[in-house]
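Each chain is listed here by its residues.
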Amino acid sequence: MSILVRNATRRFGDFTALDDVSVEIPSGSLTALLGPSGSGKSTLLRVIAGLERPDAGSVEIDGRDATSLPPQRRGVGFVFQHYAAFKHMTVRENVAFGLKVARRPKAEIRARVDELLELVQLPGLADRYPAQLSGGQRQRMALARSLATQPSVLLLDEPFGALDARVRKELRAWLRHLHDEVHVTTVFVTHDQEEAMEVADRIVVMNHGRVEQVGGPRDLYEHPANAFVMGFVGAVTRLGEHFIRPHDIEVRRQPNGTTSEAMVERLVHLGFEVRADLVLHDGQRLAAQLSRQDAEELELAQGQIVFVRPSRTRQFAEAPAG
């Protein structure tokens, strides 16, 4: 099911959460709404779900105008950041809830719940209560409950935000695998650039209630439309009007006529990579990203004098927004 939002505007008093937003989400895609706090990404998701009504504009789901439809008639499954589980119900009963409300036959409900618990890797936990599950297990239960009624669209509002870093990383891979199996059109909100880049097919970058750019992870990283996208999608360092990715800074032991002198202020070892925080002679700071092998060959150490130059820079006509 495709989703088309046209010229959506949503205001809360004097605050404009969405400012003439238009975005198309292809059928079967896994799309991330990415942006800082207050950018409008959660409001856009709620407008798609029918939980918010736009002050202007429209929402189409699979070519049908859904702007005035209530959430229950949109064929949408919604997963909140904080699971919203029924604490007095078992995992099986939580997942079956929507099917029971729809008065489906008992045999059908049991078969569907068994299928979903297998899909979300919780088959042995059907009789436990939410309080007996880990955070990651509760979130998988919430996803199973949303998928139970076979929605045409699955909407996730920062689904992993309440979890620790290790569990978040595991669930990212799991969500990607789940999407590849069920192929339901999925939209999720996140402020985590790495999460969006790792999971999504397409990313909608938002800021101040507007869409800054839409594209695949690689396209946004390598061809940002403006300074905001360059600075928000992936690490960046700045020299005057020049924006530089840390891996595009060459570090040498000796000058070659095109380099600038810098001092290594700090070294951070991140597994295979090493980040060198550098201070130029005029006090400006740079962050360079090197492989562990390159750092070892350069014998980098705190306080060492090195010579650097950017191998690639970007400039934008406008100042970065926000």
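Residues numbered from 1 in each chain as written. Predicted model: local features only at pLDDT ≥ 70, side-chain atom pairs only at ≥ 80, totals over all residues. Heavy atoms only, no water.

Visitor: Describe the overall build of the protein chain, and please don't skip the residues or the numbers.
Guide: A tally of regular secondary structure across the protein chain gives nine helices and 17 strands. Each of the 322 residues in the protein chain was classed as buried or not, and the buried ones make up 47%. Counting contacts in the protein chain only where the partners sit at least 6 residues apart, residues at least 24 apart contribute 64% of the total. Within the structure as shown, the protein chain displays about 15900 Å² of accessible surface, and the carbon and sulfur contribution to it stands at 47%. Of note, the protein chain has its 40 positive side-chain charges centred 7 Å away from the centre of its 42 negative side-chain charges. (Helix = DSSP H or I, 4+ residues; strand = E, 2+ residues; numbered from the N terminus. Buried < 20%, exposed > 50% of the residue type's maximum accessible area, 1.4 Å probe, protein only. Contact = heavy atoms within 4.5 Å. Areas by Shrake-Rupley, 256 points an atom, 1.4 Å probe, with all protein chains shown as cover. Lys, Arg positive; Asp, Glu negative; His and termini not counted. Charge placed at Lys NZ, Arg CZ, Asp CG, Glu CD.)

Visitor: Go over empty space enclosed by the protein with me, naming the residues and quoting the values.
Guide: Scanning the model with the defined rule gives one cavity of 30 Å³ or more in all. Lining the largest cavity are L147, L154, L175, L178, H179, V182, V184 and T186. Element by element, the count of residues in the lining of the largest cavity is highest for helix α5 (residues 165-182), at four residues. For the lining of the largest cavity, the class distribution of residues is six nonpolar, two polar and no charged. (1 Å grid on protein atoms, 1.4 Å probe; cavity = no way out; pocket = protein on both sides within 12 Å on 5 of 7 lines; lining within 4 Å. Points joined across faces, edges and corners; volume = space filled by probe spheres on them. Nonpolar A, V, L, I, M, F, W, Y, C, P; charged D, E, K, R; others polar.)

Visitor: Account for the pairing of strand β17 (residues 305-310), naming residues and giving values.
Guide: Note that strand β13 (residues 249-252) and β17 share four bridges and pair antiparallel. Across the sheet, residue V251 finds its bridge partner in β17, namely V308. As paired strands, strand β14 (residues 260-270) and β17 are joined by four bridges and run antiparallel to one another. Looking at the pairing, S260 lines up with V308 of β17. (Pairing = 2+ DSSP bridges.)

Visitor: Help me get a handle on the environment of G209, residues and values and all.
Guide: Structurally, G209 is set in the loop between β9 (202-207) and β10 (210-215). Considering only alpha carbons, one finds G209 and A17, 192 residues apart in sequence, at a separation of 5.1 Å. In this structure G209 touches A17, L18, D19, V21 and S39, once residues within four positions along its chain are discounted.

Visitor: Any chance you could break down the pairing of strand β1 (residues 3-12) for me, citing the residues and the numbers?
Guide: With five bridges joining them, β1 and strand β4 (residues 56-61) adopt antiparallel strand pairing. Bridge pairing in β4 links T9 to A56. Here β1 runs beside strand β2 (residues 15-25); their pairing, made up of seven bridges, is antiparallel. By the bridge assignment, R10 is partnered in β2 with L18.

Visitor: Which residues make up the sheet that holds strand β6 (residues 76-79), and what values go with them?
Guide: Ordered in space as β6-β7-β8-β3-β9-β10, the six strands form an open sheet in which the pairing is mixed. Edge positions in the sheet fall to β6 and β10, since each of these pairs with one other strand and no more. For this sheet the average axis-to-axis angle between neighbouring strands, irrespective of direction, equals 15 degrees. The pairing of strand β3 (residues 30-34) with strand β8 (residues 185-190) spans five bridges and is parallel. (Axes fitted to C-alpha atoms, helices over the stretch in contact; angles between N-to-C directions.)

Visitor: Residues and numbers for the environment of D55, please.
Guide: Within the secondary structure, D55 sits in the loop between α1 (41-49) and β4. Considering only alpha carbons, one finds D55 and L18, 37 residues apart in sequence, at a separation of 9.4 Å. What D55 contacts, discounting residues up to four positions off in sequence, is T9, R10 and R11. From its side chain, D55 meets the backbone nitrogen of R11 in a polar contact 2.6 Å long. (Polar contact = N/O pair within 3.5 Å; in protein donor to acceptor, adjacent residues only side chain to side chain.)

Visitor: Kindly report on the nonpolar core, identifying the contributing residues and their values.
Guide: Ranked by size, the top nonpolar core spans 43 residues in total, and within it V95 and I203 carry the most contacts. Other than its neighbours up to four places away in sequence, V95 contacts V113, L116, L117, M141, A144, R145 and A148. I3, I25, V187 and M206 belong to the second-largest nonpolar core, a separate cluster that totals 25 residues. (Core = buried A, V, L, I, M, F, W, Y, C linked by side-chain atoms within 4.5 Å.)

Visitor: Before we move on, could you go through the side chain of T90 and cite the residues and values that matter?
Guide: Its location among the elements puts T90 in the loop between β6 and α2 (91-101). Apart from residues lying up to four places away in sequence, T90 is in contact with A126, D127, R128 and Y129.

Visitor: Explain the packing of aromatic side chains to me, and be specific about the residues and the numbers.
Guide: All told, the structure shown has three aromatic pairs when counted by the stated rule. Seen in terms of ring centroids, F228 and F232 are 5.5 Å apart; in terms of plane orientation they differ by 10 degrees. Their pairing is stacked. Of this pair, F228 and F232 both sit in helix α8 (residues 227-232), four residues apart, which is roughly one turn of that helix. Classification of F228 by relative accessible area gives buried; the value is 8%. A cation sits over an aromatic face here: R10 above F12, 4.4 Å from the ring centre. (Phe/Tyr/Trp six-rings, centres within 6.5 Å; stacked < 30°, edge-to-face > 60°. Lys NZ or Arg CZ within 6 Å of the ring centre and 35° of its normal.)

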